[in-house]
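Listed below are the residues making up each chain.
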Amino acid sequence: MKSAVETLNPTRVRLTVEVPFEELKDSLDAAYKKINQQVTVKGFRKGKVPARVIDQRFGRGAVLEEAVNDALPKFYTDAVNEAELSPLGQPEVDITELKDGETLNFTAEVDIRPAIEIPDYSGIEVEVDAVEVTDEDVEKSVEQLRERFASTTPVERAAEDGDVVTIDLEAKVDGEVLEDGVADGVSYTIGSGELLDGIDDAVKGLEAGGEATFTSELKGGSAAGKEAEVTVKVTQVAKRELPELDDDFAQLASEFDTLEELKADSRKRLENMKQYDQATQAQERVLDKLLELVEVPVPEKLLEDEINTRKHNLEHHQLGQMGLDLAKYLEIQGKTEEEFENETREAAVKGIKTQFVLDELVKQEKLNVNQEELTEHLMRRAASSGMSPDQFAQAVVEQGQVPLLVGEVARGKALAVVVEKATVKDTNGETVDLEDDEDEAAEAETSEAAADEKADEKAEEKTEG
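Residues numbered from 1 in each chain as written. Predicted model: local features only at pLDDT ≥ 70, side-chain atom pairs only at ≥ 80, totals over all residues. Heavy atoms only, no water.

Asker: I keep staring at the pattern of salt bridges and nothing clicks. Help me out?
Answerer: When the charged atoms of two side chains lie near each other, side chains of opposite charge can form a pair. Per the counting criterion, the structure on display carries 35 salt bridges. Residue Asp 288 pairs with Lys 350 through a salt bridge whose shortest N-O separation is 2.7 Å. Here the residue Asp 288 occupies a position in helix α7 (residues 259-293), and Lys 350 occupies one in helix α10 (residues 337-364), the gap between them amounting to 62 residues. On the basis of relative accessibility, which here comes to 36%, the residue Lys 350 falls in the partly exposed class. Among the charged side chains, a network of salt bridges with common partners joins Glu 6, Arg 12, Arg 14, Glu 92, Glu 109 and Asp 111. (Salt bridge = Lys/Arg side-chain N within 4 Å of Asp/Glu carboxyl O. Helix = DSSP H or I, 4+ residues; strand = E, 2+ residues; numbered from the N terminus. Buried < 20%, exposed > 50% of the residue type's maximum accessible area, 1.4 Å probe, protein only.)

Next up, the structure:
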């Protein structure tokens, strides 16, 4: 077999392949065998029909077609490997010549990963937000914890802002009650904004037994996005009471004995989380600077596929779960369809360029992924997906996505190499040590989870008590 490569553009090539006919022998034998198992010829046992009879009865052309279809993938792969190409997607194959007993010639056009030259990136400089935790931040954090330990007491008066009301709801569209438009015994905090627009004004001033009707656009369900006439009936009004902010509260809501210790812990956790945000910001900004340094041509077909995938995931997964369609989503976001298209294209281009550049860095820096790194990444992905590590790992293996996870880890390591060589300063002009940020972030994640779990346990104990 002989092959030649013609570069059509930086991301597409045409392979021209010439195959001597003798190299088709194995595929021809396989074609005769396959046809033998599919046909019946009087006078011959099934599977024992001679090749000359198959040629006479069914035509040599049918055999050649079967043989060529069988052989093409192998010859194409051999040509790709010989040229050391990295194809993207399926090739467009055209058989240019097929002479029985002489030769098979074909061409294959395919998109390829472009050749990328990574310049010196050690001079990258970025600025990130300074880590600053104010007294107001701490007070807000403690107040949120205080809210979790609020108690309610039924009262015999009209509902006010901040009260917790128990309500029954009924929604009608065009005068018909929706099948999923009835709910009883719903607990709602007035002013929280967690239900329908207009419900606060409707229930304020109502006592237990009071009823009101208002119009609102439904946010979810079978009639999401439609105007509905909603009837709300208040069955109970309860006053919400927050615990006093003192040492007793600290002991109630945490492992600390004093309010000052609780506040100090809140400050430390907020600092850790802001350092994590700072490290994330540094990575994003270093990546942007790196992409500015590298010329990366993007294959048009790959780009269109990526755009379509992003749209599909948004419309059929993310928006579908929220009961929204694309038109409603754009209305909420205040975007035109043209703006959405442009933003999606820009994001897709950046995503493809990022993968190309970081993959090239993985090769350039000779980075490998060990089992521990892969397991750690898998655990994080499992947590974000809401699945257990075992369930997530099983799904990854069954769907053949292990190489994708390995690629994600490798690209993360490549970006870390670039970030390590970059100069990162905060808005106060101070140099940022990102290794410390990563350590603090890990500590913050652990302590935040532990604190939340502890608070939930204590809140539950208080409720049961």
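Asker: Can you walk me through the nonpolar core in this structure?
Answerer: A general feature of soluble globular proteins is that nonpolar side chains tend to end up buried together. With 36 residues, the main nonpolar core has Tyr 121, Ile 124, Leu 290 and Leu 361 as its most contacted residues. Contributions of two or more residues to this core are made by β5 (125-128), α7, α8 (300-322), α10 and α13 (402-421). The element contributing the most residues to this core is α10, with 7 residues. Grouped together as the second largest cluster of nonpolar side chains are 31 residues, Val 19, Leu 104, Phe 106 and Ile 112 included. (Core = buried A, V, L, I, M, F, W, Y, C linked by side-chain atoms within 4.5 Å.)

Asker: Sorry, what's going on with the packing of aromatic side chains here?
Answerer: Any two aromatic rings considered together are summarised by their centre-to-centre distance and by the angle between their planes. Enumeration over the complete set of coordinates arrives at 1 aromatic pair. Seen from their ring centres, Phe 149 and Phe 249 are 6.2 Å apart, and the 90° between their planes marks the pair as edge-to-face. You can see Phe 149 sitting in the loop between α4 (135-148) and β6 (151-154) and its partner Phe 249 sitting in helix α6 (residues 247-253), a full 100 residues away along the chain. Both residues of the pair, Phe 149 and Phe 249, belong to the buried class. (Phe/Tyr/Trp six-rings, centres within 6.5 Å; stacked < 30°, edge-to-face > 60°.)

Asker: Is there a simple way to explain the side chain of Arg 12 in this structure?
Answerer: Structurally, Arg 12 can be placed in strand β2 (residues 12-20). Take Arg 12: its relative accessible area is 16%, and that puts it in the buried class. In this structure the side chain of Arg 12 is engaged in a polar contact, spanning 3.0 Å, whose partner is the side chain of Asp 111. Residues in contact with Arg 12, not counting those within four places in the same chain, are Glu 6, Thr 7, Glu 92, Glu 109, Val 110, Asp 111 and Ile 112. (Polar contact = N/O pair within 3.5 Å; in protein donor to acceptor, adjacent residues only side chain to side chain. Contact = heavy atoms within 4.5 Å.)

Asker: Explain a negative patch on the surface to me, please; I cannot follow it from the model alone.
Answerer: A contiguous patch of negative charge on the surface is contributed by Glu 244, Asp 246, Asp 247, Asp 248, Asp 257, Glu 260 and Glu 261. Along the polypeptide, Asp 257 turns up in the loop between α6 and α7. (Patch = residues over 30% accessible without salt bridge, like charges linked within 9 Å, V, L, I, M, F, W, Y side chains within 5 Å. Areas by Shrake-Rupley, 256 points an atom, 1.4 Å probe, with all protein chains shown as cover. Lys, Arg positive; Asp, Glu negative; His and termini not counted. Charge placed at Lys NZ, Arg CZ, Asp CG, Glu CD.)

Asker: Teacher, can you tell me more about the sheet that holds β2 here?
Answerer: With antiparallel pairing, the 4 strands of this open sheet are ordered in space as β1-β2-β4-β3. Strands with a single pairing partner mark the edges of an open sheet, and in this sheet they are β1 (2-9) and β3 (87-99). Here the strands of the sheet are splayed against their neighbours by 20° on average, with no regard to which way each runs. In terms of strand pairing, β3 meets strand β4 (residues 103-112) through 9 bridges, oriented antiparallel. In the sheet register, Lys 99 faces β4, and the bridge partner there is Thr 103. (Pairing = 2+ DSSP bridges. Axes fitted to C-alpha atoms, helices over the stretch in contact; angles between N-to-C directions.)

By themselves, these are just geometric observations and shouldn't be taken as functional.
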